[in-house]
Amino acid sequence: MEDSTSPNASGTQEIGLPPSEALSKCLLSQYSFCAGGVGLGAAYGIRYSKGVVPMAVSGVVGTMADMVYGYVVACSNEVEAYQNSSNREK
């Protein structure tokens, strides 16, 4: 595998990481939708006495939204570097 230098979600450079590791690190650093979903789900569960189910469901939905947002927007440079390195290996 070739090393890449690509900006991550915070705009810093990840020097020396293979593209697959840089992409994984960037995608796993996305958490805002999950945290927001858990917060809103907890508030809804407390307000309407629904228990922890709304919090769990909104946390899962938020996690999926984080992955999509990370892949499409926040980690687009890492996705491009990974796809380029995958194409070179073939």
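Keep in mind it's a predicted model, so treat the numbers as computed, not measured.

Chemist: Account for the state of the cysteines, with residues named and values stated.
Modeler: Counting across every chain of the model gives one disulfide. The side chain of Cys26 participates in a disulfide bridge whose partner is Cys75; the two sulfur atoms lie 2.0 Å from each other. Between Cys26 and Cys75, the disulfide has an S-S torsion of -90° and is therefore left-handed. Note that Cys26 is positioned in helix H1 (residues 19-28) and Cys75 in the loop between helix H3 (53-74) and helix H4 (76-89), a separation of 49 residues in sequence. Across this residue pair, the class does not change: Cys26 and Cys75 are buried.

Chemist: Give a detailed account of the packing of H1 against H4, specifying residues and quantitative values.
Modeler: Where H1 meets H4, the closest approach of the two axes is 8 Å, and the angle between their N-to-C directions is 155°. Judged by the inter-axis angle, H1 sits roughly antiparallel to H4. Crossing of H1 over H4 shows left-handed handedness. Contacts between H1 and H4 involve Pro19, Ser20, Ala22, Leu23 and Cys26 from the former and Glu78, Val79, Ala81, Tyr82 and Ser85 from the latter. A per-class count over the contact of H1 with H4 returns seven nonpolar, two polar and one charged.

Chemist: Tell me about H1, and name the residues and values.
Modeler: When we look at burial in H1, the residues that qualify are Pro19, Ala22, Leu23, Cys26 and Leu27. Axial view of H1: buried residues confined to an arc of 125°, hence all on one face.

Chemist: Any chance you could break down the environment of Gly51 for me, citing the residues and the numbers?
Modeler: Tracing the backbone shows Gly51 in the loop between helix H2 (32-47) and H3. A relative accessible area of 46% means that Gly51 is categorised as partly exposed. Separated by ten residues in the primary sequence, Gly51 and Gly41 have C-alpha atoms spaced 9.6 Å apart.

Chemist: Requested: an account of the packing of aromatic side chains, with residues and values cited.
Modeler: Enumeration according to the criterion identifies two aromatic pairs in this entry. Ring geometry for Phe33 and Tyr69: centres 5.7 Å apart, planes at 80°, overall edge-to-face. Of the two residues, Phe33 sits in helix H2 while Tyr69 sits in helix H3, which places them 36 residues apart along the sequence. Summarising the aromatic geometry, the rings of Tyr44 and Tyr48 are spaced 4.9 Å apart at their centres and angled 50° between planes, so their arrangement reads as tilted.

Calculation notes
Residues numbered from 1 in each chain as written. Predicted model: local features only at pLDDT ≥ 70, side-chain atom pairs only at ≥ 80, totals over all residues. Heavy atoms only, no water. Disulfide = S-S within 2.5 Å. Helix = DSSP H or I, 4+ residues; strand = E, 2+ residues; numbered from the N terminus. Buried < 20%, exposed > 50% of the residue type's maximum accessible area, 1.4 Å probe, protein only. Axes fitted to C-alpha atoms, helices over the stretch in contact; angles between N-to-C directions. Parallel < 35°, antiparallel > 145°, perpendicular 65-115°, else oblique. Left-handed = near helix turned anticlockwise from the far one by under 90°. Contact = heavy atoms within 4.5 Å. Nonpolar A, V, L, I, M, F, W, Y, C, P; charged D, E, K, R; others polar. Arc of directions from axis to C-beta. Phe/Tyr/Trp six-rings, centres within 6.5 Å; stacked < 30°, edge-to-face > 60°.

In short, shape yes, function no, at least from these values alone.
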